[in-house]
Amino acid sequence: MFSVGLIAVLVSLVLAMVRAIMGPSMFDRVLAANSTATLAVLSLSLLGFVTGRPDFLDIAILYTLLNLVGTIAVLKYFHPGES
Amino acid sequence: MAIFIDILSWASIIIGGVFCIIGMIGLMRLPDLFTRLHGSSVTDTLGAGFLIFGMALQSGLSLTTAKLIIIFGLILLTSPVATHALAQAALHAGIKPKLTVDKTGGHIAGED
Amino acid sequence: MLYFISSVVVFFMFWLVLSGHYTLMLLAIGAVASILVVGLATRMAVIDREGHPIYLLYRAVWYWPWLFWEIVKSGISVSKIILSPTLPISPTLINLKATQKSVVGVVVYANSITLTPGTVSVEVEDNEITVHAITTLGAMDLEEGKMDRMVTKFEGGIGT
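The shown structure was predicted, so the numbers you read here are calculated from the model rather than taken from an experiment.

What counts and how
Residues numbered from 1 in each chain as written. Chains lettered and ligands numbered in written order. Predicted model: local features only at pLDDT ≥ 70, side-chain atom pairs only at ≥ 80, totals over all residues. Heavy atoms only, no water. Contact = heavy atoms within 4.5 Å. Buried area = accessible area lost by both parts, 1.4 Å probe. Salt bridge = Lys/Arg side-chain N within 4 Å of Asp/Glu carboxyl O. Polar contact = N/O pair within 3.5 Å; in protein donor to acceptor, adjacent residues only side chain to side chain. Helix = DSSP H or I, 4+ residues; strand = E, 2+ residues; numbered from the N terminus. Nonpolar A, V, L, I, M, F, W, Y, C, P; charged D, E, K, R; others polar. Domains from an automatic or database assignment. Axes fitted to C-alpha atoms, helices over the stretch in contact; angles between N-to-C directions. Parallel < 35°, antiparallel > 145°, perpendicular 65-115°, else oblique. Left-handed = near helix turned anticlockwise from the far one by under 90°. Pairing = 2+ DSSP bridges.

A. Looking closely at the interface of chain B and chain A. At the junction of the two partners, chain B supplies 43 residues and chain A supplies 43 residues. Between chain B and chain A lies a buried interface of about 3700 Å² when both sides are counted; carbon and sulfur atoms form 82% of it. Together, B:Met28, B:Met55 and B:Leu86 form the three largest contributors to the area buried by chain B at its contact with chain A, with a combined 16%. Seen at the junction of chain B and chain A, the total is 2 salt bridges. Between B:Lys67 and A:Asp58 there is a salt bridge; the shortest N-O distance is 3.1 Å. Where chain B touches chain A, the interface holds 6 residue pairs in polar contact (both at pLDDT 80 or more). Within the residue set of the side of chain B that touches chain A, elements represented by two or more residues are α1 (2-29), α2 (33-59) and α3 (63-92) of chain B. Take the side of chain B that touches chain A: its biggest share by element is 16 residues, from α3(B). Looking at side-chain class alone, the side of chain B that touches chain A contains 29 nonpolar, 10 polar and 4 charged residues.

What follows is the structure in structure tokens.
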């Protein structure tokens, strides 16, 4: 059952990647990267269940936190002087 | 009882996967940046919520469930912050949203 | 002091969940580490009424289920919009007044708006929030002020 969820998440990951490549503006790419990170967290947890190793969940927690830091860092870089 | 939990968890994981795909279809189909934010928001809340609920049902009352709840809470806390920062930065960078109705009269909060 | 102790408790619970081994030595290391982290954060002056609003916890018991239900309802309506072939969107920008007294209340309101699919808070300044909604109907719902009243009740009117 987890592999069904994993396939769905991977399909949506492909769609997010297409948007990241197509995206007309830089912000579209950042948005796609943000969604990609959320989907990566979900696929990591599902992969942990598929292979029967729940250790992957620790990596998923870490990746959730890195996602926010990465998005804010990119936005700060392209838009300095604003909070 | 076990079969009941299995069915519930199957349904939850399938609904979660469908919502993930719907959100990303929205990311592809919607016409401009500000509307695409709404599509990504569906994936962040409903897709992640249903998938994690299904996984939590399968693992029962254990440390794994606690970790899944922490992941869900972190996603719920960080996703609006990232979305708001993105929308604000895009607006300040001069990207105008395509609007059919503008109720602000050209006045954005924080501008004089 | 209340905020110091509650932060230590929260960090120690996070340690317990992440570690999974409950020997005396690991528990002691966890306690020392959480006290050290909270001590550092206290020196940075982020552990206070605003940075760690633990007093909101008991009211969250009824606010969060209501917010989840709102998320599910508007998520389904946004999904219908995305899947319908004609794509019936009517993007709307609107200014809202937040009636919350404290900064925490306004932040909770803005984050609740963003978390609900279909509405995104674009800009927040003092008590004014600019919101982008995917349909005019969603903007009307927000303007009616149900969520504003719920957040004001959640905040409880005690503000700084």
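Having seen the structure, we can now continue with the description.
B. Structural context of the domain arrangement of chain C. What the domain assignment lists for chain C is domain 1 (2-43) and domain 2 (57-155). Taken over C-alpha atoms, the centre of domain 1 of chain C sits 35 Å from the centre of domain 2 of chain C.

C. The arrangement of the interface of chain B and chain C in detail. Counting residues at the interface gives 43 residues for chain B and 46 residues for chain C. Put simply, chain B and chain C have 0 salt bridges between them. In this assembly, chain B and chain C are joined by 7 residue pairs in polar contact (both at pLDDT 80 or more). Those elements that place two or more of their residues in the side of chain B that touches chain C are α1, α2, α3 and β1 (101-102) of chain B. The element contributing the most residues to the side of chain B that touches chain C is α3(B), with 15 residues. Taken together, the residues of the side of chain B that touches chain C break down into 23 nonpolar, 15 polar and 5 charged.

D. The arrangement of the packing of helix α1 (residues 2-22) of chain A against α2(B) in detail. Where α1(A) meets α2(B), the closest approach of the two axes is 12 Å, and the angle between their N-to-C directions is 165°. With respect to α2(B), the element α1(A) is oriented roughly antiparallel. Our pair here, α1(A) against α2(B), has a crossing hand that is left-handed. For the pair α1(A) and α2(B), the contacting residues are A:Phe2, A:Gly5, A:Val9 and A:Arg19 in the first and B:Arg36, B:Leu51, B:Met55 and B:Gln58 in the second. Of the residues belonging to the contact of α1(A) with α2(B), the class tally is 4 nonpolar, 2 polar and 2 charged.

E. Examining the sheet that holds β1(B) more closely. Pairing in this open sheet of 4 strands is mixed, and the strands run β1(B)-β1(C)-β3(C)-β2(C) from one edge to the other. At either margin of the open sheet sits one strand with a lone partner, and together these are β1 of chain B together with β2 (119-125) of chain C. Relative to strand β3 (residues 128-133) of chain C, strand β1 (residues 92-97) of chain C is paired through 6 bridges, and the arrangement is antiparallel. Opposite C:Lys97, over in β3(C), you have C:Glu128 as the bridge partner.

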